Amino acid sequence: MKTIFIAILLFFSTYVLGQTQFNTGITLKLIPEIHLGLYSNIEVQPFNNAISCIVGIDGYYKLTNGNTFKNYKIQYKRHYNVVAQTYLGIGYLKKDIEGYDDNWGIYPTFTYHMHSFKESLKNDYINQTIQQTHFGWHIGLLNTFTFSDRFNFQFYCPLPFFYRHTNFNWRYVNMKFGVNLAKLKKSKKKKAASDL
Amino acid sequence: MIIFARLLSTAMATTYTFLTHNDFFNNYLIINPDFSRYQDFFHLGAVTPNTTQTNTAKIYISIAADRDDGYHIYFEHLKTVLTENYPNVDLATDRIKGGHKKVREESLELGLKFILE
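Source: prediction; values computed, not measured. (Residues numbered from 1 in each chain as written. Chains lettered and ligands numbered in written order. Predicted model: local features only at pLDDT ≥ 70, side-chain atom pairs only at ≥ 80, totals over all residues.)

## Observations concerning the overall build of chain A
Stated formally: We count a stretch as a helix when DSSP gives it H or I for four or more residues in a row; a strand needs E for two or more, and each element gets its number in order from the N terminus. Exposed residues have 12 or fewer other C-beta atoms within 10 Å of their own C-beta, buried residues have 20 or more, and partly exposed residues fall in between, where C-beta atoms are placed from the backbone.
Assigned secondary structure in chain A consists of two helices and eight strands. What you see in chain A, going N to C, is helices and strands ordered as α-β-β-β-β-β-β-β-β-α. Every one of the 196 residues in chain A was classed for burial, and the buried ones make up 26%.

What follows is the structure, given as structure tokens:
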């Protein structure tokens, strides 16, 4: 048992940790309404080839209301409107594009999402507040780019598969801007070495 | 006769038909009611016709569980108006989870089942 545990640890430290990209930053969604939030995810290449796995989480908060209540005498108040999703994907990661230390990856993902909101509506005839939370899943496609030694850009889009249960929904489309911490650490080391 | 609504605007037309001329049809399917552009709809509960006590229509209303921007409030308001003003109306409501197609198909299926059984 002890040997198996040590073997797993050795495998993990040699093949997994050595090939890990840790990305974190802000999530931005512009269509149809502006949302802002945070994301973090880990890309791992367990077999030291192009096959890669990604696991991560992101959450974002709705900032605007769109045109729904524009020009109408309805007082609408959004207390909160939050979307959170966690995903797991297996895909392709291409490293060191054209001799640079850049990465490009594409992952079909299985995503579990949560949408929660509380809102009030008031006019001459109605004054109501409602809170709703719902959970669900969908299949998506995540594109990742790491460039200039540290910056990370990702684009996520749900796919219209399993249409009875899931569907394309603008709510879950988002862009992510952040840093690749593994690359950042590496580039700092490189810089320190060149300064010497 | 059944009047049903799949699109948002027709959901409003169905609601309007029931609230203003409720002897036109016996059964109504209202899917995703939307009053955002016609706030006078909120007032319709107060100007219901004289037939409210005798009306025995069957009404099915459903909404997609993930709709924000006030849709659940329209849904709740409509439910309240119907329950308070139409004591003899047979009302069934559902919040349906899933993608748009699933919500549409399931609403239609559940609504027709409720009305025709």
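Following the structure, the description resumes.
## Remarks on the overall build of chain B
Short version of the rule: Whether two residues are in contact depends on their C-beta atoms, placed from the backbone: they are in contact if these lie within 7 Å.
Counting its secondary structure elements, chain B contains three helices and four strands. Taken from N to C terminus, the helices and strands of chain B fall in the order β-α-β-β-α-β-α. Residue burial in chain B is summarised as follows: out of 117 residues, 39% are buried. Sequence-distant contacts, at least 24 apart, represent 69% of the contacts inside chain B between residues at least 6 apart.

## A look at helix α2 (residues 71-85) of chain B
Applied cut-off: Helices are assigned an expected span. That span is 1.5 Å times one less than the residue count.
If you check α2 of chain B, its first and last C-alpha atoms are 21 Å apart, about what 15 residues at 1.5 Å a residue would give, namely 21 Å. Buried within α2 of chain B are the following residues: Tyr71, His72, Ile73, Tyr74, Phe75, His77, Leu78, Val81 and Leu82 of chain B.

## Some details on the sheet that holds strand β4 (residues 75-95) of chain A
Put simply, the rule is: Strands were regarded as paired on the criterion that DSSP finds at least two bridges between them. Orientation is described by lines fitted to C-alpha atoms, with helices fitted over the stretch in contact, and by angles between N-to-C directions that extend from 0 to 180 degrees.
Pairing is antiparallel around the closed barrel formed by eight strands, whose spatial order is β1-β2-β3-β4-β5-β6-β7-β8 (chain A). Across the sheet, the mean angle separating the axes of adjacent strands is 25° when strand polarity is ignored. Two strands pair when backbone bridges link them, and β4 of chain A and strand β5 (residues 103-122) of chain A are joined in this way by 18 bridges, in the antiparallel orientation. Paired with valine 82 of chain A across the strands is serine 116 of chain A, a residue of β5 of chain A. Strands in contact with α2 of chain B are β5 and β6 (127-147) of chain A; relative to β6 of chain A, the strand with the most contacts, it is inclined by about 155°.

## Points about the environment of methionine 12 of chain B
Secondary-structure assignment places methionine 12 of chain B in helix α1 (residues 8-20). The spacing of methionine 12 of chain B and isoleucine 31 of chain B is 19 residues in sequence and 9.2 Å in space, taken between C-alpha atoms.

## Quick notes on the nonpolar core
Here is the rule we go by: Nonpolar cores are built from buried Ala, Val, Leu, Ile, Met, Phe, Trp, Tyr and Cys residues. These are joined into a set through C-beta atoms within 7 Å.
Tyr28, Ile30, Ile59, Ile61, Tyr74, Phe75 and Leu78 of chain B are the most contacted members of the largest nonpolar core, which totals 26 residues. Counting five residues, the second largest nonpolar core, distinct from the first, contains Tyr87, Tyr107, Leu142 and Tyr156 of chain A.

## Side note on unusual backbone geometry
Residue and element names in this part refer to chain B. Unlike most non-glycine residues, asparagine 32 shows phi in positive territory, near 55°. Its place among the elements puts asparagine 32 in the loop between β2 (27-31) and β3 (58-64). Note on asparagine 32: 24 C-beta atoms within 10 Å, which makes it buried.

## Considering the pairing of strand β1 (residues 20-29) of chain A
In summary, the side chains of a regular strand alternate between the two faces of the sheet. Residue and element names in this part refer to chain A. Where β1 lies against strand β2 (residues 35-44), 10 bridges are found, and the strand directions are antiparallel. If you follow isoleucine 26 over to β2, its bridge partner there is leucine 38. Between the end of β1 and the start of β2, which pair antiparallel, lie five residues. Bridging between β1 and strand β8 (residues 174-180) involves six bridges; their strand directions are antiparallel. Across the sheet, the residue bridging to threonine 27 is lysine 176, located in β8.

## Looking at the pairing of strand β7 (residues 151-158) of chain A
Residues and elements named next belong to chain A. Only one face of β7 is buried: it carries Asn152, Gln154, Tyr156 and Pro158, and the other face, with Phe151, Phe153, Phe155 and Cys157, is open. Pairing of β6 with β7 involves eight bridges; the strand directions are antiparallel. Residue leucine 142 lies in a different strand from β7, and its bridge partner there is tyrosine 156. Between the end of β6 and the start of β7, which pair antiparallel, lie three residues, with serine 148 showing a positive phi angle near 50°. As defined by bridge partners, β7 adjoins β8 across six bridges and the pair is classed as antiparallel. Across the sheet, phenylalanine 155 pairs through a bridge with methionine 175, a residue of β8.

## Regarding the confidence of the model for chain B
Rule in force here: Every residue gets a pLDDT, meaning the predictor's confidence in that residue, from 0 to 100.
Chain-level pLDDT for chain B is 79 on average; 78% of the residues reach the 70-or-more range. Interface confidence for the predicted complex, given as ipTM, is 0.75, next to a pTM of 0.79.

## A look at the environment of isoleucine 74 of chain A
All names here are of chain A. Counting through the fold element by element, isoleucine 74 comes out in the loop between β3 (51-62) and β4. When the 19 C-beta atoms within 10 Å are taken as the criterion, isoleucine 74 is described as partly exposed. Residues isoleucine 74 and aspartate 124, 50 residues apart in the sequence, show an inter-C-alpha distance of 8.5 Å.

## Quick notes on the environment of aspartate 66 of chain B
Relative to the elements of secondary structure, aspartate 66 of chain B occurs in the loop between β3 and α2. For aspartate 66 of chain B, a count of 25 C-beta atoms within 10 Å gives the class buried. With 27 residues separating them along the chain, aspartate 66 of chain B and threonine 93 of chain B place their C-alpha atoms 16 Å apart. Ignoring any residue separated from it by four or fewer positions in sequence, one finds aspartate 66 of chain B in contact with His115 and His134 of chain A.

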